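Fold and contact review
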Amino acid sequence: MADRIRGSIGEEARTYIYILLYIVLSSGQIFFNKWVLSSKEINFPYPLGLTLLHMVFSSVVCFILCKVLKLMKVEEGMTTEIYVQSVVPIGAMFAMTLWLGNTAYLYISVSFAQMLKAIMPVAVFLLGAMAGLEVMSCRMLLIMSVISFGVLVASYGEINVNWIGVVYQMGGVVGEALRLIFMEILVKRKGLKLNPISVMYYVSPFSALCLFIPWIFLEKPKMDEANWSFQPLTLALNSLCTFALNLSVFLVISHTSALTIRVAGVVKDWVVVLLSAALFADTKLTVINLLGYGIAIAGVAAYNNFKLKKETHRPIPDEAREDEMSTVTLIPQKTDT
């Protein structure tokens, strides 16, 4: 009995450690990216190139782990049809999300970018409803209205609004929402379940290809002409942190649930918003900012609670439940740009 209690306590402690690790890595990666892109710090103002580097690094590491060292196993079941219908659109939307999200940091503050990200459930729900995956209801419309109103209030309270940055950030939100919709439509219906290394092994190379093509035309000419110093150690560390963050997402989901990662994400967002005010000179929080963001987060919490109840009332076979703890259905690589 005592051993069982100690084991339970130990498992609970590990879960909290994984959640804390995710919050630290996720928050740290956001600040790290901002630091690298900032003209006042590392001065690498090439968000497309930075995102491309992340995807190439992830592809290389996954290939070494799976094919060279053979420390990880790539899940079987991937066919050409599934790759074209699932990995291609998901990889393309993932590339779009990271590219536009990173670009937004060139124009708006970290805290304001996080506030705009709160609109994500609205985008996912609306696109899901259009695709027939979500059902319109008075309750959901109310929740979506609360989130939208909160984001609008937070935006109204922003002192230095750069609409170019807002457009980039909202484009990233739409890209992420589309990626989640493609995952729902194309992957879950295929029944393909992959571990996180397999996800990155398949998705990262195509995302890198999607980023490489626009990089040649949009940023490579600027990089060739610009007078900037290449810092391989800093950029390699930044890429490594991104890779570690993606794995931490899996650790949390595999030991808890997808809802837990959402709740932890809410905590992380508040940490990022408050810390950014202390770390970056371009961040000036107002009372209206915080009030609007608080309203939006309340709406997000209501949305998560609604989804939890919906999932709870849906029967899951024992075999599927056991399998769900060891694999995930193309879990999203965390887009903390």
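Residues numbered from 1 in each chain as written. Predicted model: local features only at pLDDT ≥ 70, side-chain atom pairs only at ≥ 80, totals over all residues. Heavy atoms only, no water.

Defined as follows: UniProt positions are given in the numbering used here, feature names are shortened, and annotations may be inferred rather than shown by experiment.
Looking at an unreviewed UniProt entry, one finds the protein chain named Sugar phosphate transporter domain-containing protein and attributed to Papaver somniferum. Per UniProt, the comment on the protein chain under Subcellular location (unreviewed entry) is "Membrane".

**What about the overall build of the protein chain?**
Put simply, the rule is: The helix and strand labels rest on DSSP assignments: H or I over at least four residues marks a helix, E over at least two residues marks a strand, and numbering proceeds from the N terminus. The buried label applies to any residue whose accessible area, calculated with a 1.4 Å probe on protein chains only, is under 20% of its type's maximum; exposed applies above 50%, and partly exposed to all values in between. Contact between two residues is taken to exist if any of their heavy atoms lie within 4.5 Å; hydrogens are not considered.
Per the secondary structure count, the protein chain includes 13 helices and zero strands. Ordered by position from N to C terminus, the α and β elements of the protein chain give α-α-α-α-α-α-α-α-α-α-α-α-α. Taking all 337 residues of the protein chain together, the buried fraction comes to 48%. Of the contacts formed within the protein chain by residues at least 6 apart in sequence, a portion of 88% connects residues at least 24 apart.

**Structural notes on the side chain of Ser58**
Put simply, the rule is: What qualifies as a polar contact is a pair of N or O atoms within 3.5 Å, subject to a donor-acceptor requirement within protein and to the restriction that residues adjacent in sequence count only when both atoms come from side chains.
Within the secondary structure, Ser58 sits in helix α2 (residues 47–68). Judged by relative accessible area, which is 3%, Ser58 ranks as buried. Here Ser204 takes part through its side chain, which lies 2.9 Å from a polar atom of the side chain of Ser58.

**Considering helix α6 (residues 138–156)**
Spelled out, the test is: Expected helix span is taken as 1.5 Å per residue step, with the number of steps being one fewer than the number of residues.
The terminal C-alpha atoms of α6 lie 27 Å apart, and with 19 residues this matches the ideal 27 Å at 1.5 Å per residue to within 8%. By the burial criterion, the buried members of α6 are Met140, Ile143, Met144, Ile147, Gly150, Val151, Val153, Ala154 and Ser155.

**With respect to unusual backbone geometry**
Despite not being glycine, Asn43 has its phi angle at roughly 60 degrees, a positive value. By the secondary structure assignment, Asn43 is in the loop between α1 (2–37) and α2. Phi is positive for Lys70, close to 55 degrees, though the residue is something other than glycine. Counting through the fold element by element, Lys70 comes out in the loop between α2 and α3 (80–104).

**Details of the nonpolar core**
Here is the rule we go by: In this text, buried Ala, Val, Leu, Ile, Met, Phe, Trp, Tyr and Cys residues form a nonpolar core when linked through side-chain atoms within 4.5 Å.
Phe44 and Met144 are the most contacted members of the largest nonpolar core, which has 68 residues in total. Counting residues in hydrophobic clusters, the runner-up holds eight residues, among them Tyr18, Ile19, Ile23 and Leu245.

**Brief notes about the packing of helix α5 (residues 120–130) against α6**
Applied cut-off: Working convention: axes come from line fits to C-alpha atoms, limited for helices to the stretch in contact. Angles between N-to-C directions cover 0 to 180 degrees. Crossing chirality is assigned from the near helix's rotation relative to the far helix, an anticlockwise turn below a right angle marking it left-handed and a clockwise turn marking it right-handed.
The interhelical angle for the contact between α5 and α6, taken along N-to-C directions, is 140 degrees, at an axis separation of 9 Å. Here α5 and α6 pass one another in a crossing that is left-handed. Mapping the contact onto sequence places Pro121, Val122 and Phe125 in α5 and Met140, Met144, Ile147 and Ser148 in α6.

**Regarding the pattern of salt bridges**
In plain terms, the rule: When a carboxyl oxygen of Asp or Glu is within 4 Å of a side-chain nitrogen of Lys or Arg, the pair counts as a salt bridge.
Applying the stated criterion to the full structure yields three salt bridges. The residue Glu176 makes a salt bridge to Arg179 at a minimum N-O spacing of 2.8 Å. Of this pair, Glu176 and Arg179 are both found in helix α7 (residues 163–188), three residues apart, which corresponds to roughly one turn of the helix. Grouping residues by exposure puts Glu176 and Arg179 together as buried. Residue Asp269 is joined to Lys268 by a salt bridge in which the shortest nitrogen-to-oxygen separation is 2.8 Å. Lys268 sits in the buried class, given a relative accessible area of 2%.

**Remarks on the side chain of Ser59**
If you trace the backbone, Ser59 turns up in helix α2. The buried category is assigned to Ser59, whose relative accessible area is 16%. Polar side-chain contacts of Ser59 include one of 2.8 Å to the backbone oxygen of Met55. Filtering out sequence-adjacent residues up to four positions away, Ser59 remains in contact with Ser204 and Pro205.

**A word on the packing of α2 against helix α8 (residues 196–218)**
Interhelical geometry of α2 versus α8 gives an angle of 145 degrees and a closest axis separation of 8 Å. At the point where α2 passes α8, the crossing takes the left-handed sense.

**Concerning a nonpolar patch on the surface**
What counts is decided by this rule: Residues with no salt bridge and a relative accessible area higher than 30% make up the patches, which join like charges within 9 Å and nonpolar side chains (Val, Leu, Ile, Met, Phe, Trp, Tyr) within 5 Å. All accessible areas in this document rest on Shrake-Rupley with a 1.4 Å probe, and a residue is counted as covered only by the protein chains that are shown.
A surface patch of nonpolar side chains, about 720 Å² in accessible area, is lined by Val56, Val60, Phe63, Ile64, Val68, Leu69, Leu71 and Met72. Mapping Met72 onto the fold places it in the loop between α2 and α3. For Met72, a relative accessible area of 40% translates into the label partly exposed.

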